[in-house]
Amino acid sequence: MKIQKIIQITAVFSLIIAASLWYSQNHGLLPVQAAEEAVLYDNLFNALIAIVTAIFLLVQGFIIYSMIRFRRRKGDDTDGIALHDNFVLEIVWTAIPTILVMWVGIYSFDVYTSMKGTDFMSMPMAHHHSPISAEQIANLAMPAAMADTLPSQPEIDSQQAPSGQLVADSSLPLVIDVSAMRYAWIFTYPGTEIVTSEMHVPVGRKVKLNLNAQDVNHAFWVPQFRLKQDTIPGITTNMEFTPNKLGEYPIICAELCGGYHGGMRTTITVQTPTEYDSWLKEEAEVASNSPQTLAFRQVLKDPTQMSDREFLTEQAQAMRIDKDLPTEIHDHIDRMNHHHMHEMASYLTSATSTN
Amino acid sequence: MTQVIERISATQPPEPSSDTTHWREYFSFSTDHKVIGIQYLVTTFGFYLLGGLMASVIRAELATPDTDLVSSDLYNGLFTVHATVMIFLWIVPAVTGGFGNYLVPLMIGARDMAFPKLNAVAFWIIPPAGALLLSSFFFGAPSTGWTAYPPLSILTDQHVGQAIWIFSIILLGTSSILAAVNFVVTIFSMRMPGMDFFSMPLFCWAILSASGLVLIATPVLAGAMILLGFDLLAGTNFFNPTGGGDPVVYQHLFWFYSHPAVYVMILPVFGIISEILPVHSRKPIFGYKAIAFSSVFICILGLVVWAHHMFTSGTPDWLRIFFMIATLLVAVPTGIKVFSWLATLWGGKLRLESPLLFAIGFVSMFVVGGLSGVMLGSVPVDIHLHDTYFIVAHFHYVLFGGSVFGIYAGFYHWFPKMVGRMLNEFWGKVHFVLTFVGFNLCFLPMHLLGLQGMPRRVAQYDPQFANINVICSIGAFILAISTFPFLFNAAWSWFYGPKAVDNPWNALTLEWTTSSPPHPHNWIGEPVLATGPYDYGVPMDEFEEESMFTGTID
């Protein structure tokens, strides 16, 4: 009798563990893995799924069993057992979860340090606090932290390396500056003239992003990379990843940034190095005479000569934003004044002149 | 204190010597804790229905991938006010002000709360604050989420709505603090002779822990709100990077309150569950001290986990690791509670009626929220899942599957005591089944949405998620419909239900030793502490240990 019980309990536990392990490998809950970080992430995630599935089955199974087994029968008004506590049992169910969560903590720490998806140890705080004029305070619609701390005169030429130079040494991380603004992403490839609204990266090469926000908080999220980083006005945040699968993946804004938040998305294209090279060359060539770059340049030269509407509409077109968007942007423009445009220009200056 | 109470009762206009509470009391500045408790419960339930209405509009909008039902600004306003109402006008005041006020004095054998007038003031802040919040819809509802992160909340187009939001949060926080002071003093100083802390019902432990959290954390929220208000209205730059402010500091201040707020919403419900399970399982609570201390432990740990809401916001690495470990550790005391409840069921005589069904539903659903919480506690896992529908699923499993199921369990359990009439059991079961099915249909698939790449707080989304969202919306409508059997049941039973006896469940806590509904002074004579709160059950030696674990008790 007693041995039978032990066998039964062992069988139930083995079944639960087997089911949990099977599920942890076959849940299909996550999207495609497209970066090395995603592989590390998924291993951790699967381990956690195994643990939580086992606990889930144990608890829910226990509840259902108890509801059937211990339901009050008709006419039975007696009480159950006066079982107040059981020291050993309580020690066990305190110790096991403690060990489990400690293990989860250590494993997570390990994965976190290997992923190094974000590195805040080196977060620059220097240009974080800077006083601004009363005039700027009066116009709260756009931040000026970047504008204040960077030279107001464009110094593009002296800073620039020949386009495509960064491709040459693929052992170095590819640095891309990301700027988030309502409701678009702008990617600047330092060392080139390329300013785009869609990100292109070569497969297998480490990419390092410097992220900034122009107005409110946004968050840069690529589900296929399992990585996300908030972009915060006035603070530069970082993110690193190594894409390992060719394809086009969404870049999604994950932090509420206003009415059109759900539409703030673009794509990242992971290409072979050759494809990436030709994209880079093409973009660099186009950059010199495309309306997009012309628009940027015009703004850089003399932003005060353009009306706000002119400026943003052109920019919106340049960024290939949907036809629906301009109404929202126009609303936005109507609330802005030239002062903000000046800041915007400063931003664009900084975007093309840094690094 | 007795002096205060006597003076107040002398000024009560409707029949001071009456044995019953006049209905007009419920619409007055009453100082009777039972009246105030019911005022809280009914008022907050009204707000719950309004919050639910907003949720229904949100789910209707999300039934299609495009923004086609409401404008995107109104959509943002709806989910902002939905969350604010559900947290500050429903769960927090219902579980502390509602159940806490009604039950704590009755459970500890007191005549009233320590400060009856303060108690009434705390309640009467709520209806105007709630009305104020809802009025924001006329001026452009606050649309920056219930988190109201700057700079968005400073640059928002809905300036007036945002200011109204800040002001109503400050008011509601004040109400919450006043109520908490009252609970702490009442529990410390007004327990009847012979009742020490360890013979107090566990609900009182839970309210004590939650009140401690409110007292420590809510002032910080008030501070954050005042600073945000200055940034918004006076052009200061506490959080505005344009003027050198730091938006991340706001997040720290906000979450220093708002994470403990989760425990304010769940600890009293843990208490409710610890009361209901023993009564309806006919067994003592398993591990009284473990449950009591785990409440205190959760309360302490709960104060040092706030930055796990900010793993992607720019916190330094060492801070993330610290908050990850602290967060994961919360699973330990929470696990102790869950396992103790399960052990309470084991070998009992489960009376599977509405109170126990909802209580078991609570345990079952809360475990899901707890497990996804452990996953989210891990920094790398959270980085992918932060601000996605996985989070939406997680906190609804904690706050709906947890808190709201627990509140319903409490309604069914204490309704006979509060009203003096029984609820209809059949409609109670219908309510449970609809709620359980609707809830899971609505929120379970959201885990998948988040993992696959759908961010939260969006009115439009990638069409690949359309089918799953339709399932969620169907679940939400079932959930909305599930409220009606309860409403009709409660309304009808309030007037026409069969009369309840003093102790319909054969429970042992003190509130069941008085009449149903209780006398305005709680007991006509002195309350008598005959047994401990959980002394159910046939002594162990009458059972063979073998039969206990094989379950052959018949």
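This structure is a prediction, so every number in the text was calculated from the model and none was measured.

### Describing the overall build of chain A
Counting secondary structure elements, chain A contains 12 helices and 10 strands. Across the 355 residues in chain A, those meeting the buried criterion constitute 54%. In chain A, the share of contacts with a sequence separation of at least 24, taken over all contacts with a separation of at least 6, comes to 72%. A total of about 16,100 Å² of accessible surface is found on chain A, and carbon and sulfur atoms cover 61% of it.

### Examining the interface of chain A and chain B
In this assembly, 98 residues from chain A lie in contact with 106 residues from chain B. Summing both sides of the interface, chain A and chain B together bury roughly 8,700 Å²; the carbon and sulfur share of this comes to 66%. On the chain A side of the interface with chain B, the three residues burying the most area are Phe70(A), Ile81(A) and Trp93(A), jointly 9% of the side's total. Counting across the chain A and chain B interface gives 24 residue pairs in polar contact (both at pLDDT 80 or more). Elements supplying a minimum of two residues to the side of chain A that touches chain B: α2 (36-69), α3 (87-115), α4 (134-138), β7 (227-231) and β9 (247-253) of chain A. In terms of residue count, the dominant contributor to the side of chain A that touches chain B is α2(A) (16 residues). For the side of chain A that touches chain B, the class distribution of residues is 55 nonpolar, 23 polar and 20 charged.

### A closer look at the pairing of strand β2 (residues 184-188) of chain A
Residue and element names in this part refer to chain A. β2 sits mainly inside the fold: 5 of its 5 residues count as buried. Along β2, one buried face is formed by Ala184, Ile186 and Thr188 and the opposite face, lined by Trp185 and Phe187, is buried too. The sheet contact formed by strand β1 (residues 174-181) and β2 spans 5 bridges and is antiparallel. In the sheet register, Val178 faces β2, and the bridge partner there is Phe187. Adjacent in sequence and paired antiparallel, β1 and β2 are bridged by 2 residues. Of the pairings in the sheet, the one linking β2 to strand β3 (residues 195-196) comprises 2 bridges and is antiparallel in character. Residue pairing in the sheet places Thr188 in a bridge with Val195 of β3. Two successive antiparallel strands, β2 and β3, enclose a turn made up of 6 residues, where Gly191 displays a positive phi of approximately 90°.

### Observations regarding a nonpolar patch on the surface
All names here are of chain A. Residues Ile9, Val12, Phe13, Ile17, Leu21 and Leu58 make up a contiguous nonpolar surface patch of about 530 Å² in total accessible area. The leading source of residues in the nonpolar patch is helix α1 (residues 2-26), at 5 residues. Within the secondary structure, Ile17 is located in helix α1. Given a relative accessible area of 47%, Ile17 falls into the partly exposed group.

### So, the packing of helix α2 (residues 33-61) of chain B against helix α14 (residues 389-419) of chain B
All names here are of chain B. Where α2 meets α14, the closest approach of the two axes is 13 Å, and the angle between their N-to-C directions is 145°. Between α2 and α14 the crossing geometry is left-handed. Residues Ile38, Leu41, Phe45, Tyr48 and Arg59 of α2 lie in contact with α14, whose contacting residues are Tyr389, Phe400, Val404, Tyr408, Phe411 and Met418. Class assignment of the residues belonging to the contact of α2 with α14 gives a composition of 10 nonpolar, no polar and 1 charged.

### Concerning the sheet that holds strand β5 (residues 207-213) of chain A
The sheet built from 5 strands is open, its strands ordered β3-β2-β1-β5-β8 (chain A) with mixed pairing. Sheet topology places β3 and β8 (237-241) of chain A at the edges, where each strand pairs with a single neighbour.

### Some words on the confidence of the model for chain A
All names here are of chain A. In the predicted model, chain A carries a mean pLDDT of 76, and 65% of its residues have values of at least 70. When mean pLDDT is taken per element in chain A, strand β6 (residues 218-222) scores highest with 96 and helix α6 (residues 156-159) scores lowest with 36. Low pLDDT (under 50) marks residues 117-168, which in the prediction has 109 contacts with non-local residues, meaning those over four places away or in another chain. Between residues 320-328, whose pLDDT stays under 50, and residues either more than four places distant or in other chains, the model counts 8 contacts.

### Brief notes about the packing of aromatic side chains
Tallying each qualifying case throughout the model produces 70 aromatic pairs over all chains. Judged by centre distance (6.5 Å) and plane angle (85°), the ring pair of Tyr65(A) and Phe70(A) falls under edge-to-face. The class for Tyr65(A) is partly exposed, based on a relative accessible area of 39%. Measuring from ring centre to ring centre gives 5.3 Å for Phe358(B) and Tyr408(B), while their planes differ by 45°; the resulting arrangement is tilted. Here the residue Phe358(B) occupies a position in helix α12 (residues 354-377), and Tyr408(B) occupies one in helix α14, the gap between them amounting to 50 residues. Grouping residues by exposure puts Phe358(B) and Tyr408(B) together as buried.

### Some details on the sheet that holds strand β10 (residues 265-271) of chain A
Residue and element names in this part refer to chain A. Here 5 strands make up an open sheet; going across it, the order is β4-β10-β9-β6-β7 and the pairing mixed. Two strands lie at the open edges of the sheet, namely β4 (199-202) and β7, each paired on one side alone. Neighbour-to-neighbour, the strand axes of the sheet open up by a mean angle of 25°, direction not taken into account.

### Points about the packing of α14(B) against helix α16 (residues 466-496) of chain B
All names here are of chain B. Close contact between α14 and α16 brings their axes to 11 Å; oriented N to C, the two are set at 15°. Considering their axes alone, α14 and α16 lie roughly parallel with respect to each other. Note that α14 runs across α16; the crossing there is left-handed. For the pair α14 and α16, the contacting residues are Phe400, Tyr408, Phe411, Tyr412, Phe415 and Val419 in the first and Leu479, Thr483, Phe486, Asn489, Ala490, Ser493 and Trp494 in the second. For the contact of α14 with α16, the per-class residue count stands at 10 nonpolar, 3 polar and no charged.

### Some remarks on the environment of Ala292(B)
All names here are of chain B. Among the structural elements, Ala292 can be located in helix α9 (residues 288-302). Residue Ala292 is classed as buried on the basis of its relative accessible area, which comes to 0%. Residues Ala292 and Gly271, 21 residues apart in the sequence, show an inter-C-alpha distance of 9.2 Å. Contacts of Ala292, omitting those with residues within four sequence positions, involve Leu202 and Trp205.

### With respect to the side chain of Ser211(B)
Residue placement: Ser211(B) occurs in helix α7 (residues 202-233). If we ignore the near neighbours within four places in the chain, the residues touching Ser211(B) are Ala180(B), Phe183(B) and Val184(B).

### Observations concerning the environment of Ile125(B)
Residue and element names in this part refer to chain B. Take Ile125: it is sitting in helix α4 (residues 116-135). Taking relative accessible area as the criterion, Ile125 reaches 17% and is therefore assigned buried. For Ile125 and Ser175, which are 50 residues apart along the polypeptide, the C-alpha to C-alpha distance reads 6.1 Å. For Ile125, the residues in contact, after removing those within four places along its chain, are Leu171, Thr174, Ser175 and Leu178.

Reading the values: rules and limits
Residues numbered from 1 in each chain as written. Chains lettered and ligands numbered in written order. Predicted model: local features only at pLDDT ≥ 70, side-chain atom pairs only at ≥ 80, totals over all residues. Heavy atoms only, no water. Helix = DSSP H or I, 4+ residues; strand = E, 2+ residues; numbered from the N terminus. Buried < 20%, exposed > 50% of the residue type's maximum accessible area, 1.4 Å probe, protein only. Contact = heavy atoms within 4.5 Å. Areas by Shrake-Rupley, 256 points an atom, 1.4 Å probe, with all protein chains shown as cover. Buried area = accessible area lost by both parts, 1.4 Å probe. Polar contact = N/O pair within 3.5 Å; in protein donor to acceptor, adjacent residues only side chain to side chain. Nonpolar A, V, L, I, M, F, W, Y, C, P; charged D, E, K, R; others polar. Pairing = 2+ DSSP bridges. Patch = residues over 30% accessible without salt bridge, like charges linked within 9 Å, V, L, I, M, F, W, Y side chains within 5 Å. Salt bridge = Lys/Arg side-chain N within 4 Å of Asp/Glu carboxyl O. Axes fitted to C-alpha atoms, helices over the stretch in contact; angles between N-to-C directions. Left-handed = near helix turned anticlockwise from the far one by under 90°. pLDDT = per-residue confidence, 0-100. Phe/Tyr/Trp six-rings, centres within 6.5 Å; stacked < 30°, edge-to-face > 60°. Parallel < 35°, antiparallel > 145°, perpendicular 65-115°, else oblique.

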